[in-house]
Number of protein chains: 2
Amino acid sequence: MTERGYGQFCPVAMATEVLGARWNILIIRELLCGSSRFNELRKGVPRMSPALLSKRLGELERFGIIVREMDETSGSPTYRLTEAGEELRDIVMSMGVWGQRWLESQLSLKNLDPSLLMWDMRRNLNPSPLPDHRVTIQFLYPELSRGQKKWWLIVDKHASEPVDLCKIDPGHEVDLYVATDLKTMTAIWMGIITVADATRRGTLRLSGPHSLTTCMSAWMGLSPFAQETKQVRESV
Amino acid sequence: MTERGYGQFCPVAMATEVLGARWNILIIRELLCGSSRFNELRKGVPRMSPALLSKRLGELERFGIIVREMDETSGSPTYRLTEAGEELRDIVMSMGVWGQRWLESQLSLKNLDPSLLMWDMRRNLNPSPLPDHRVTIQFLYPELSRGQKKWWLIVDKHASEPVDLCKIDPGHEVDLYVATDLKTMTAIWMGIITVADATRRGTLRLSGPHSLTTCMSAWMGLSPFAQETKQVRESV
DNA sequence: CAGTATCCGATGCGATACTG
DNA sequence: CAGTATCGCATCGGATACTG
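What counts, and where the lines are drawn
Residues numbered from 1 in each chain as written. Chains lettered and ligands numbered in written order. Predicted model: local features only at pLDDT ≥ 70, side-chain atom pairs only at ≥ 80, totals over all residues. Heavy atoms only, no water. Least-squares fit on C-alpha atoms with pLDDT ≥ 70 in both. Contact = heavy atoms within 4.5 Å. Salt bridge = Lys/Arg side-chain N within 4 Å of Asp/Glu carboxyl O. Helix = DSSP H or I, 4+ residues; strand = E, 2+ residues; numbered from the N terminus. Buried < 20%, exposed > 50% of the residue type's maximum accessible area, 1.4 Å probe, protein only. Buried area = accessible area lost by both parts, 1.4 Å probe. Pairing = 2+ DSSP bridges. Axes fitted to C-alpha atoms, helices over the stretch in contact; angles between N-to-C directions. Disulfide = S-S within 2.5 Å.

*Asks:* Can you walk me through the relation of the copies chain B and chain A in this structure?
*Replies:* One chain copy maps onto the other through a rotation about an axis and a shift parallel to that axis. Once turned by 180° and shifted 0.0 Å along the axis, chain B lies on chain A with an RMSD of 0.0 Å. On this basis, the relationship between the two copies can be described by a two-fold rotation axis. Residue G20(B) of chain B places its C-alpha closer to the rotation axis than any other residue of that unit, at 2.4 Å. Residue by residue, 100% of the interface of chain B is reproduced at the interface of chain A, so both copies engage with the same surface.

*Asks:* Is there a simple way to explain the pattern of salt bridges in this structure?
*Replies:* Where side chains of opposite charge bring their charged atoms close, a pairing between them can arise. Residue and element names in this part refer to chain B. As enumerated under the stated definition, the model contains 20 salt bridges over all chains in all. We note a salt bridge from R56 to E59, for which the minimum N-O separation is 3.5 Å. Highlighted residues: R56 and E59, both in helix α4 (residues 50-62), separated by three residues, approximately one helical turn. Comparing R56 with E59, the two get one shared label, buried.

*Asks:* How do you make sense of the interface of chain B and chain A when you look at a structure like this?
*Replies:* In many reports, interface size means the accessible area that the parts give up when they come together. Each partner contributes to the interface: chain B provides 65 residues, whereas chain A provides 65 residues. A buried area of about 6,000 Å², summed over both sides, lies between chain B and chain A, and 65% of it is on carbon and sulfur atoms. Our count for the contact surface shared by chain B and chain A stands at two salt bridges. Note that R101(B) is salt-bridged to E87(A), the shortest N-O span being 2.8 Å. Contributions of two or more residues to the side of chain B that touches chain A are made by α1 (11-19), α2 (24-32), α4, α5 (83-86), α6 (89-102), α7 (105-108), α8 (114-124) and α10 (182-189) of chain B. The element that contributes the greatest number of residues to the side of chain B that touches chain A is α6(B), accounting for ten residues.

*Asks:* Got a minute to help me understand the sheet that holds strand β4 (residues 150-155) of chain A in this structure?
*Replies:* Backbone hydrogen bonds hold the strands of a sheet together, and the pairing may be parallel or antiparallel. Residue and element names in this part refer to chain A. Spatially, β5-β4-β3-β6-β7 is the arrangement adopted by the five strands of the open sheet, whose pairing is mixed. A single partner strand is all that each edge strand has here, and the edge strands are β5 (163-166) and β7 (204-207). Going from strand to strand, the sheet's axes swing by 15° on average, the running direction of each strand aside. The sheet contact formed by strand β3 (residues 135-140) and β4 spans six bridges and is antiparallel. Bridging across to β4, L140 finds its partner in K150. The sheet strands contacting helix α8 (residues 114-124) are β3, β4 and β5, and the helix crosses β4 at an angle near 10°. Packed onto the sheet, helix α10 (residues 182-189) meets β3, β6 (176-180) and β7 and runs at close to 110° relative to β6.

*Asks:* When you look at the pairing of strand β2 (residues 77-81) of chain A in this model, what are you seeing that I'm missing?
*Replies:* Residues and elements named next belong to chain A. Note that strand β1 (residues 66-70) and β2 share five bridges and pair antiparallel. Of the residues in β2, the one forming a bridge with M70 is P77. Counting the residues that bridge the hairpin from β1 to β2 gives six residues, and of these G75 lies at a positive phi of roughly 75°.

*Asks:* Would you mind going over α10(B) with me for this structure?
*Replies:* Within an α-helix, residues lying three or four positions from one another point in the same direction, as the helix has 3.6 residues per turn. Residues and elements named next belong to chain B. Across the eight residues that make up α10, a large majority, seven, are buried. Restricting attention to buried positions, one finds in α10 the residues L182, T184, M185, T186, A187, I188 and W189. Next to the buried residues of α10 lie α8, β3 (135-140), β6 (176-180), α11 (195-201), β7 (204-207) and α13 (216-219). Once α10 finishes, G191 follows within two positions and takes phi at roughly 85°, a positive value.

*Asks:* Can you help me understand the state of the cysteines in this one?
*Replies:* Between two cysteines, a covalent bond joining their sulfur atoms is known as a disulfide. Enumeration over the complete set of coordinates arrives at zero disulfides over all chains. Left unpaired, C33(A) is separated from the closest cysteine sulfur, that of C10(B), by 7.8 Å.

See below:
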């Protein structure tokens, strides 16, 4: 990529100069999903170095796609999409739908990452089917390394942040245990298999009260693209 | 870009691995516009080396976005979009619309290129307002170098290819002369100014029969994004 | 016409460490 | 928490020439 531009006046080419730069679409995706602070964004693009993220944020601001503002209360910087950036929502979503429909799910299932998965689940979890009191759910991935093995989702409808994610034991009594492997959990999240499938095969085990286990597919929000039906590739 | 992937299972990330690779969106744009042969594609991405184009076509084929087939009659290879590729049309068009709405037109007008412009005009010219007989239109860009100065568009409704583009004098009598500068002509094509504007300012001069000059904005198709209204950037 | 082959330079970007 | 600073390599891709 010895120089960035395409030397074309075509608006598609102009847009591609911005949107085609590595990482940019994913940064915009994070902002569209509601992240706004630097270290929040980092969680969504963990393989990106902070230096590069900072650089890209600057570029996106110069292009008028995001603005950097100081948060009144916390005093820390905040990024949000401008109107121009917000108008990218349909494009980014369409790309996701297209990816889900046409790219091999096998490929996705090679890019497993528990942090990203749990972070996504935190974001999309739906508290409403859950009881009114605080609920603690522990996820266990036995095959993973020490630091990645255990995760806690704490749901409290009445808290300021209804869903919280921890990697260290919050100390609460656990209401529901979910034991599975990362590939299974990711496949469920992506809509490739269901909770029922995995339970039947024995790759997912739930232990806790019936009131929590039976409605798992209700409170566990899936990926926004989960319901997109997979298409079969055209064979030559 | 030390490695290509993002390491994320998210469908947006998967799609971005394919669509974000340099040039790919522009190649797809060309295919969507109807190009199908290698050297036809090259005209749409002149700054791309043939080696790289070839490589990218191979990748796109492996991803199931295009297929390479042999043309029965000519015996030469042909590329066309698969169903998966065709489903990218809305995304690519949306990117163009977004680019036209939000990116500085000044930027576009720094990426002038007469070959791309004339090639685009050839593609979008609308023969129907023109007379039934063959019409030859000569474009003259006095400021350009010898090889880029003169262009001929030959329109013949009854020919197999209704619109032809030449860089060398086809020898026909010219019906309409268009003299202008490249920036003006590009701005007209992009919908930034109109033929009438440019004529009034004297940056575009037409000489030929009234029947051809008055309906120029009718036969000269504009960019597919020309009617998108420009938006003003959010000021901080 | 439709590509390959080869070469080499620029730079994007990843890794790590550090600071206010 | 929110970034900067620095370094060095891998690789992307541009240029040119060549081939069936």
